[in-house]
Amino acid sequence: MTQEPTRAQQLLGELAPKMVQLTDDVLFGDIWKREGLSPRDRSLITVAVLAATYRPDQLNSHLRLALENGLTQDELVEALTHVAFYAGWPSGMGALVQLKAIVGADAQ
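Since the model is a prediction, treat every value here as computed from it, not as a measurement. (Residues numbered from 1 in each chain as written. Predicted model: local features only at pLDDT ≥ 70, side-chain atom pairs only at ≥ 80, totals over all residues. Heavy atoms only, no water.)

Peer 1: I keep staring at the pattern of salt bridges and nothing clicks. Help me out?
Peer 2: Working definition: two side chains of opposite charge can pair if their charged atoms are close together. Across all of its chains, the model carries 2 salt bridges by this definition. With a shortest N-O distance of 3.9 Å, Arg40 and Asp41 are connected by a salt bridge. With relative accessibility at 27%, the residue Arg40 sits in the partly exposed group. When the shortest N-O distance is used, the salt bridge between Arg40 and Glu75 registers 2.6 Å. In this pair, Arg40 sits in helix H3 (residues 39–52) while Glu75 sits in helix H5 (residues 73–87), placing the two residues 35 residues apart along the sequence. A network of salt bridges, in which partner residues are shared, links Arg40, Asp41 and Glu75. (Salt bridge = Lys/Arg side-chain N within 4 Å of Asp/Glu carboxyl O. Buried < 20%, exposed > 50% of the residue type's maximum accessible area, 1.4 Å probe, protein only. Helix = DSSP H or I, 4+ residues; strand = E, 2+ residues; numbered from the N terminus.)

Peer 1: Help me understand the packing of H3 against H5 in this model?
Peer 2: How two helices sit against one another is set out by the angle between their axes and by the gap between those axes. Running from N to C, H3 and H5 point in directions that differ by 40°, and their axes come no closer than 9 Å. By the criterion of interaxial angle, the relationship of H3 to H5 is oblique. Of the two elements, H3 crosses H5, and the hand of that crossing is right-handed. Residues Arg40, Leu44, Val47, Ala48, Ala51 and Ala52 of H3 lie in contact with H5, whose contacting residues are Glu75, Leu76, Ala79, Leu80, Val83 and Ala87. Classifying every residue of the contact of H3 with H5 by side-chain character gives 10 nonpolar, no polar and 2 charged. (Axes fitted to C-alpha atoms, helices over the stretch in contact; angles between N-to-C directions. Parallel < 35°, antiparallel > 145°, perpendicular 65-115°, else oblique. Left-handed = near helix turned anticlockwise from the far one by under 90°. Contact = heavy atoms within 4.5 Å. Nonpolar A, V, L, I, M, F, W, Y, C, P; charged D, E, K, R; others polar.)

What follows is the structure in structure tokens.
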């Protein structure tokens, strides 16, 4: 049975094999698996940081992961509204628009 390619493999393929390996093995294989925080908490932190630093490409996949890791739509809306006051209105609004597109697409 062949293993499905990771998201990093899908995005970068053979272009940047070391970056794929670091993403898969270190970031998601080690950092995300550490015991200090739950995957749900890590998702909340990651979404907040990506929204605050206006990283929409990465935010999209992390919003989806946050929902998979147990955060609710309402919790994400609240977190992103909070981010808007500390990181700037465009960052919060942009992230909320992305969340709406994801939740709307999943509801259909």
